[in-house]
Amino acid sequence: MLAAVWLLVMMAGLKAAPRVSSTRLRWALIAGPLLFIGVGLAGAVAGTFLGLPTAYAKPLILTIEAGLTLSIAATLALLVLGAPMAGDGLGPDQPDKEPAR
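Here the structure is a predicted model, which means the values were calculated and not measured.

Enquirer: Help me understand the overall build of the protein chain, please; the structure alone is not making it clear to me.
Expert: Within the protein chain, the regular secondary structure consists of three helices and zero strands. Listing each helix as α and each strand as β along the protein chain from the N terminus yields α-α-α. Here the protein chain holds 101 residues, and 17% of them are scored as buried. Expressed as a percentage of contacts within the protein chain between residues at least 6 apart in sequence, the contacts between residues at least 24 apart total 60%. Put simply, the protein chain shows about 7600 Å² of open surface, and 70% of that area lies on carbon and sulfur atoms.

Enquirer: I tried to follow the packing of helix α2 (residues 23-46) against helix α3 (residues 57-81) on my own but got confused; where do I start?
Expert: Helix-helix packing: each pair is described by the crossing angle between the helix axes and the interaxial distance. Closest axis-to-axis distance for the α2/α3 pair is 8 Å, and the angle between their directions is 145°. In the packing of α2 onto α3, the handedness of the crossing is left-handed. Where α2 approaches α3, its residues Leu25, Ala28, Leu29, Ile30, Ala31, Gly32, Pro33, Leu35, Phe36 and Val39 are matched on the opposing element by Leu60, Thr63, Ile64, Gly67, Leu68, Ser71, Ala74, Thr75 and Leu78. Here the residues of the contact of α2 with α3 are counted per class, giving 14 nonpolar, five polar and no charged.

Enquirer: In this structure, what is going on with the nonpolar core? I would like to understand it.
Expert: Taken as a class, soluble globular proteins show a tendency for nonpolar side chains to be buried jointly. Of all hydrophobic cores here, the largest spans five residues; its members are Ala3, Leu7, Met10, Ala73 and Ala77. Contributions of two or more residues to this core are made by α1 (2-11) and α3. The element contributing the most residues to this core is α1, with three residues.

Rules used in this analysis
Residues numbered from 1 in each chain as written. Predicted model: local features only at pLDDT ≥ 70, side-chain atom pairs only at ≥ 80, totals over all residues. Heavy atoms only, no water. Helix = DSSP H or I, 4+ residues; strand = E, 2+ residues; numbered from the N terminus. Buried < 20%, exposed > 50% of the residue type's maximum accessible area, 1.4 Å probe, protein only. Contact = heavy atoms within 4.5 Å. Areas by Shrake-Rupley, 256 points an atom, 1.4 Å probe, with all protein chains shown as cover. Axes fitted to C-alpha atoms, helices over the stretch in contact; angles between N-to-C directions. Left-handed = near helix turned anticlockwise from the far one by under 90°. Nonpolar A, V, L, I, M, F, W, Y, C, P; charged D, E, K, R; others polar. Core = buried A, V, L, I, M, F, W, Y, C linked by side-chain atoms within 4.5 Å.

So, in structure tokens, the structure goes:
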């Protein structure tokens, strides 16, 4: 649902597609999986992978799901948009940053 809304906004021309070199976009893509792995490893230290204390299980599960939802929405939207057009991303002819002046 989130990916569909994001796509509609971009297709309507209300907002441009994000640059693939955007730090915010890259964090949006990896934040959910990192959160999942982090909580899982914290549980592993306590005994079992994803072993959550009963008192914190529901809030932790909802937090993990929210993070993964945003990451999956960003991933799906980028997959539908396809490869970046010339000048939108990093390529051999496009440096990562502007040259120093």
